[in-house]
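# Examining the three-dimensional arrangement
Listed here are the chains, written in short residue letters.
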Amino acid sequence: MSLIEASRLRVTLGGSLILDDISFTVQPGTWRGLLGPNGSGKTTLLRCVAGLLEHTGSLLMEGRPVASWTRRALARRLAFVRQSNAIAFDFRVLDLVLLGRAPHKSLLSVYDHEDEHHALDALRRVDLDGLAERSFHSLSGGEQQRVFLAQALVQEADILILDEPTTYLDVHHQYEFLGHVRTLVDAGKTVIGAFHDLELAARYSDRLLVLDRGRMAAEGTPGEVLTKDLLAGVFRMDAEVGTAPDGHLRIAFAAPLP
């Protein structure tokens, strides 16, 4: 059984059709990358999968309609990894990670030693040992993103939702962060993530789904999806697609198309 299965998914917001006739499946322990121009519906689709938007059509998680899951039950199965610029106020790193334990706590309960053990273990798993007492804003961009990843891990969620989490990171930290996520996928986690960088999407994703103006433009492996014709038709770029010496897909952009 697929972990997530969408069929003829449709989302309308404010009277405007945002997603139309979207169908795909996500298998456990895989990374599904989402691509598309700005405004193509990537974030809407992620929010829909997370149970945050109403929809028509079918959207199942573990064979059950996503809309039938309670918010607490859904939070135990699915976690968002947010962008590093989303925190306006400073936190101690440990306190920020502990917020991920909220789905497992009652309304009036407090975080205990077991929760702290989970948080410290999550920080260790993302190579942030020894930074629990540091101020979040004192960390580098890559370290901040790994704090959010640790927060998702203490939720004990098997599904991670990434909405372009590397947008504000430099190249080194992009690869560093996505490498950590890939390690989690290889250990059994499932990821659905939106990308703006096509080569990064191809490098880390097992399968890609490309959206264009709210509809599916392509679906399949990176090699099947990222073709010269698709780059011209969806992204309006003249480009050549080849293979780098390390075996990963390489895209050489020539010029924008009218």
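Since the structure is predicted, the reported quantities are computational estimates derived from the model, not experimental observations.

Here we come to the pairing of strand 2 (residues 16-26). Consecutive side chains along a regular strand alternate between the two faces of the sheet. Where strand 1 (residues 4-13) meets strand 2, 7 bridges bridge the pair, whose relative direction is antiparallel. Within the sheet, the bridge partner assigned to I4 lies in strand 2 and is V26. Where strand 1 hands over to strand 2, the hairpin turn is made up of 2 residues, of which G14 adopts a positive phi near 60°.

The next point concerns the packing of helix 5 (residues 141-154) against helix 6 (residues 171-186). Helix 6 packs onto helix 5 with a crossing angle of 20° between their chain directions and a minimal axis gap of 9 Å. With respect to helix 6, the axis of helix 5 lies roughly parallel. In this structure, helix 5 meets helix 6 at a crossing whose hand is right-handed. From helix 5, G142, Q145, R146, L149 and L153 reach across to helix 6, where they touch H173, E176, F177, H180, V181 and L184.

So, about the sheet that holds strand 3 (residues 31-35). The sheet built from 6 strands is open, its strands ordered 6-7-8-3-9-10 with mixed pairing. Every other strand in the sheet has two partners, leaving strand 6 (78-81) and strand 10 (215-220) as the edge strands with one partner each. Adjacent strand axes in the sheet meet at a mean angle of 20°, parallel and antiparallel pairs treated alike. Bridge analysis of strand 3 against strand 9 (residues 207-212) gives 4 bridges, and the strand direction is parallel. The residue of strand 9 that forms the bridge with G33 is L208. Together, strand 3, strand 6, strand 7 (159-163) and strand 8 (190-194) form the strand contacts of helix 6, whose direction differs from that of strand 3 by roughly 140°.

All right, on to a nonpolar patch on the surface then. Taken together, the side chains of F89, F91, L99 and Y111 make up a nonpolar region of the molecular surface, amounting to roughly 400 Å² of accessible area. Exposure remark for F89: the relative accessible area of 65% places this residue in the exposed category.

The next point concerns the nonpolar core. Grouped together as the largest cluster of nonpolar side chains are 54 residues, with contacts concentrated most on W31, L35, L226 and L230. In terms of residue count, the dominant contributor to this core is helix 5 (7 residues). Grouped together as the second largest cluster of nonpolar side chains are 27 residues, I4, F24, L34 and L209 included.

The rules behind these values
Residues numbered from 1 in each chain as written. Predicted model: local features only at pLDDT ≥ 70, side-chain atom pairs only at ≥ 80, totals over all residues. Heavy atoms only, no water. Pairing = 2+ DSSP bridges. Helix = DSSP H or I, 4+ residues; strand = E, 2+ residues; numbered from the N terminus. Axes fitted to C-alpha atoms, helices over the stretch in contact; angles between N-to-C directions. Parallel < 35°, antiparallel > 145°, perpendicular 65-115°, else oblique. Left-handed = near helix turned anticlockwise from the far one by under 90°. Contact = heavy atoms within 4.5 Å. Patch = residues over 30% accessible without salt bridge, like charges linked within 9 Å, V, L, I, M, F, W, Y side chains within 5 Å. Areas by Shrake-Rupley, 256 points an atom, 1.4 Å probe, with all protein chains shown as cover. Salt bridge = Lys/Arg side-chain N within 4 Å of Asp/Glu carboxyl O. Buried < 20%, exposed > 50% of the residue type's maximum accessible area, 1.4 Å probe, protein only. Core = buried A, V, L, I, M, F, W, Y, C linked by side-chain atoms within 4.5 Å.

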